[in-house]
Structures are given as C-alpha cells and as structure tokens.
Amino acid sequence: MKRLVILLAFVLAACGGGGSGGGLPLPPAAAAPPKAAGPMYACSVVIYGDSIQALQGAKGVIEAKRPKWRVEDRAVAGTTLMMLSQTFFAEARSARFVVLENGAIDAWQGVPIGVVLDTYTRIVDHVRGEGRTPIVTGFTHQRPPLAPDAIARRDHYNGALKTLMASKNVAFADYGTVTYDPLELFDEVHPGPAYAGRLTERLIEILDKVAPECNP
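Calculation notes
- Residues numbered from 1 in each chain as written.
- Predicted model: local features only at pLDDT ≥ 70, side-chain atom pairs only at ≥ 80, totals over all residues.
- Heavy atoms only, no water.
- pLDDT = per-residue confidence, 0-100.
- Contact = heavy atoms within 4.5 Å.
- Helix = DSSP H or I, 4+ residues; strand = E, 2+ residues; numbered from the N terminus.
- Expected span 1.5 Å × (residues − 1).
- Buried < 20%, exposed > 50% of the residue type's maximum accessible area, 1.4 Å probe, protein only.
- Arc of directions from axis to C-beta.
- Phe/Tyr/Trp six-rings, centres within 6.5 Å; stacked < 30°, edge-to-face > 60°.
- Lys NZ or Arg CZ within 6 Å of the ring centre and 35° of its normal.
- Pairing = 2+ DSSP bridges.
- Right-handed = clockwise from strand over helix to strand, strands pointing away.
- Core = buried A, V, L, I, M, F, W, Y, C linked by side-chain atoms within 4.5 Å.
- Lys, Arg positive; Asp, Glu negative; His and termini not counted.
- Salt bridge = Lys/Arg side-chain N within 4 Å of Asp/Glu carboxyl O.
- Polar contact = N/O pair within 3.5 Å; in protein donor to acceptor, adjacent residues only side chain to side chain.

**Some points on the confidence of the model for the protein chain**
The share of residues in the protein chain with pLDDT of 70 or more is 82%, and the mean pLDDT across the chain is 87. Taken as a whole, residues 1-14 scores under 50 in pLDDT and shows 21 contacts with residues more than four places along the chain or in a different chain.

Below is the structure:
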C-alpha cells in the first residue's frame, strides 16, 4: 500500500493533476527501445496511454481473463497526446490491435480541440496504414479539485472524439460511459481499483467484439 501511495503521488504530478488543473506534465520515463516488427499474432494488442491507463494493470487482467491474448502495455505516466505524436510514428509495433487512451491531459491544458482531433486522425490512419486495427478508449471522468474548466473541456473533447471515431469506423471503448462514483477516484484524476476494474472490463468487451476468435 505504501508503494501504491508513492506511485500515485508521482503520477498525479506527472499528469498535471491538482487543484489548478493547469500544470504542465513531466516528460514520460524513458522506455525500452521498441521491439522490431515481426509476424502479427492474431490475438495481440499494444496499449498506449497516460497514468490513468497505466494504473489499470490491464495487461495482467486481460491475459488472465482471455488467455489467448498477448498484451504489451506502453502506457506511461504524463504522456499527453502531443507527446505521443512525437514518437508514435517512428515506433515499431508487432501487435494486431493498437489501443489509444491519451488526450485527457491535452484537454485539461486547453490544447485546441482541432489539434487534438487532427492528431488522432493522423495516428489512427497511420495504424491502419501499418495493417493494424486502432481502438480508441475515450476519456475517463475526473472531479474537483481539478479546475471546472478543465473538467468541462474533458467532456467536450471526449464527445468530439467519439463523433470523429464513429465517422472513421474506429472501435470506441467509450470509457466515459463506464459507471463510476467520484469517491472511487484516488484523487481528482486517477481511478481506484473498482473503477479501474470496470474500465478494463470495458476494454475486454471491445476486444471480444473486434476479435471474437480470441475469446475461448
């Protein structure tokens, strides 16, 4: 528990959370060099996101409940969509499915919505160009003391992103519709175990839809 508290303190700072909601995120920790692309395994997925996604522990849950799946979790605390776009196009991937959760921090910080949507368009188009299938999660909910304008932008950006993905026929996990109670958040940003568990269950539901052959 002590380790979890320390970790949460770090990721809250990295995500730009806190009473003002306007702090710039810390750079993500250096990641290991990407693996060289190889044969595409049918039941494989790589997950990108910030600390909200990273703290879910999705890899272990998915692989336990759906043993056919091979999951690579590349979610890193503090990774905004803008930061991801600086590295994503040069990364090697071998998974068939690519999950994308980033963008809530960009909304909190007031990155223009057109820039966010254009960046998502370029990323999902690139994923498809690689012969892979993108899955966009949308954004989870936050609560005060995150600034009211930051929370409002989260709602607006999430709705616009959902509409965009529908127009592009991209699978949308719709994290924003997962049942939650504000008291289930560790802080104003990060889901606690119960909420995180439901988010991962929603992701599993989407994986079952896009790849039913991977659900024994």
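**Considering helix α7 (residues 148-167)**
In this model, α7 (20 residues) spans 29 Å end to end at C-alpha, consistent with the 28 Å of a helix rising 1.5 Å per residue. Residues of α7 that are buried include every one of Ala-150, Ile-151, Arg-154, Tyr-157, Asn-158, Leu-161, Leu-164 and Met-165, and no others. One side of α7 carries all its buried residues, which in axial view fall inside an arc of 145°. The outward face of α7, more than 90 degrees from its buried face, is lined by the exposed residues Pro-148, His-156, Thr-163, Ala-166 and Ser-167. Contact partners of the buried residues in α7: α5 (104-109), α6 (113-129), β4 (133-136) and β5 (171-172). Trailing α7 by a residue or two, Asn-169 shows a phi angle of about 55°, which is positive.

**Quick look at the packing of aromatic side chains**
Under the counting rule described, the total for this entry stands at four aromatic pairs. Between Tyr-48 and Phe-88 the ring centres are 5.0 Å apart and the planes differ by 65°, which places this aromatic pair in the edge-to-face class. Taken together, the positions of Tyr-48 in strand β1 (residues 44-48) and Phe-88 in the loop between α4 (81-87) and β3 (97-100) put the pair 40 residues apart, joining distant regions of the chain. With centroids separated by 5.2 Å and ring planes inclined at 25°, the aromatic side chains of Tyr-180 and Tyr-195 adopt a geometry described as stacked. With Tyr-180 in the loop between β5 and α8 (193-210) and Tyr-195 in helix α8, the pair connects residues that are 15 residues apart, well separated along the chain. In this structure an aromatic cluster arises from ring pairing among Tyr-48, Phe-88 and Phe-89. Positioned above the aromatic ring of Tyr-41, the side-chain terminus of Arg-70 is 3.8 Å from the ring centre. Between the NZ or CZ atom of Arg-93 and the centre of the ring of Phe-88, over which it lies, the distance is 3.8 Å.

**Observations concerning the sheet that holds strand β2 (residues 70-73)**
Hydrogen bonds between backbone groups are what pair the strands of a sheet, and the pairing can be parallel or antiparallel. Overall, parallel pairing links the five strands, which are arranged β2-β1-β3-β4-β5 in an open sheet. Each end of this open sheet is capped by a strand with a single partner; those strands are β2 and β5. Pairing of β1 with β2 involves four bridges; the strand directions are parallel. Within β2, the residue paired with Val-45 across the bridge is Val-71.

**What to know about the pairing of β4**
In the sheet, β3 pairs with β4 via four bridges, with the strands oriented parallel. Across the sheet, Val-99 pairs through a bridge with Ile-135, a residue of β4. Where β4 and β5 come together, two bridges link them in parallel fashion. Across the sheet, the residue bridging to Ile-135 is Ala-171, located in β5. Regarding the hand of the β-α-β motif, the stretch spanning β4, α7 and β5 is right-handed.

**Observations regarding the nonpolar core**
Phe-88, Leu-100, Trp-108, Tyr-120, Val-136 and Met-165 are the most contacted members of the largest nonpolar core, which totals 32 residues. Contributing elements (two or more residues each) for this core: β1, α4, β3, α5, α6 and α7. For this core, the element with the highest residue contribution is α7, accounting for six residues. Sequence-distant contacts of Phe-88, that is, excluding residues within four places in its chain, are made with Tyr-48, Arg-93, Val-98, Leu-100, Ile-123, His-126 and Val-127. Within the second largest apolar cluster, 22 residues are counted, among which are Ala-58, Val-71, Val-99 and Leu-203.

**Some thoughts on the side chain of Asp-106**
With respect to the helices, strands and loops of the structure, Asp-106 is situated in helix α5. As a buried residue without a salt bridge, Asp-106 has its nearest oppositely charged side chain in Arg-122, at a separation of 10 Å. A polar atom in the side chain of Asp-106 sits 2.7 Å from the backbone nitrogen of Leu-81.

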